[in-house]
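For reference, the chains in residue letters:
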Amino acid sequence: MILTVTLNTALDLTYSVPALVPHSSHRVTDLSERPGGKGLNVARVLTALGHDTVVTGFAGGATGTVLRDLLAALPRQKATLTDALVPVSGDTRRTLAVVDAATGDTTQFNEAGPHVTADEWTALLGAYAELLKTADAVALCGSLPPGIHVGAYGELVRLARTAGVPVLLDTSGEPLRRGIAARPDLIKPNADELAQLTGSREPLRATRDARRRGAHGVIASLGPDGMLAVTPDGVWRASPPAPVKGNPTGAGDSAVAGLLSGLAESLSWPDRLRRAVALSTATVLAPTAGDFDRTAYEELLPRVAIEEHAAGAA
Ligand code: TA6
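Computed from a predicted model, the values in this text were never measured in an experiment. (Residues numbered from 1 in each chain as written. Predicted model: local features only at pLDDT ≥ 70, side-chain atom pairs only at ≥ 80, totals over all residues. Heavy atoms only, no water.)

A. Just the pairing of strand 13 (residues 227-231), in detail. By the criterion of burial, strand 13 is predominantly enclosed, with 5 of the 5 residues buried. Alternating positions in strand 13 separate into two faces, Met227, Ala229 and Thr231 on one and Leu228 and Val230 on the other, with burial throughout. As paired strands, strand 12 (residues 217-221) and strand 13 are joined by 4 bridges and run antiparallel to one another. Across the sheet, residue isoleucine 219 finds its bridge partner in strand 13, namely alanine 229. The antiparallel pairing of strand 12 with strand 13 creates a hairpin that spans 5 residues between the two strands, and glycine 223 there sits at a positive phi of about 60°. Note: strand 13 against strand 14 (residues 234-239), 5 bridges, orientation antiparallel. Paired with alanine 229 across the two strands is tryptophan 236, which belongs to strand 14. Between strand 13 and strand 14, which pair antiparallel and follow one another directly, the connecting turn spans 2 residues. (Buried < 20%, exposed > 50% of the residue type's maximum accessible area, 1.4 Å probe, protein only. Helix = DSSP H or I, 4+ residues; strand = E, 2+ residues; numbered from the N terminus. Pairing = 2+ DSSP bridges.)

B. Structural context of helix 1 (residues 38-48). The element helix 1 is extensively covered by neighbouring structure, given that 10 of its 11 residues are classed as buried. Every buried residue of helix 1 is listed here: Gly39, Leu40, Asn41, Val42, Ala43, Arg44, Val45, Leu46, Thr47 and Ala48. Looking one or two places after helix 1, you find glycine 50, whose phi comes out positive at around 100°.

Here it is, written out as structure tokens:
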């Protein structure tokens, strides 16, 4: 099975409004409520791709109950999605994405999350160590809730490495910086996260710099420009056939699912990247934020362009 860890799970609300105008009141024309936080999104896509997946992290309070009920009610896929979330006394956060129907632009508001106690963190570490025993790969995803120390991802990366489980880290800021030092197999920063980490906005330079800091492979997601992969086996750029317009919420999470499923299936790097780019583009095109459009995915997959970098190895 593939394990995803979401320390700061969220009940994701999406509101659509005809046009988002500051200082005015809006009529919500459509709304959705989904179990979210990055690792939960990754898990949904993994199960849709046929990989049995287990989710852990924290959930608590009334919102935590709603989140777990929604998780249990997800439509059945070819594979299982198992809830191994650890209870916390605080309330799971909500996030709100407001979609402006006129422009298609999304504005996102993320709450901080519940305060996690030292005992709750210890319970998570115990559950994680147990789950690693049967995991083929693990993804550590998203922000840290209050109370969790900034080096937490470093600790989780080290435990995965000791257990011999390939580990992908998808976070930002100081938690990313500390996590990289523990030498994860893969990281998937976007352009802003890379710039924050390395001080450079030049994709190849920043991606190589991130790799030198300890990650074995760095897959930079460059939005409509696709992905740049700097790995021990070579450097590739993967680009979608054409830019698309839609809601990008969860597109990065779908890319993580593509990379992890490709790793679990021992696909070549070009095939993993093809899958990641096709899935993230199909997520932007999906009518519901965070889902992917399967027909678009299958149609996009053979059309993702892969270019090997002339300079070869990283
Ligand atoms: O990538 C979209 C999303 O996963 C939403 O589902 C939302 O829960 C949010 O990101 C969480 O991100 P954060 O970085 O705050 O943990």
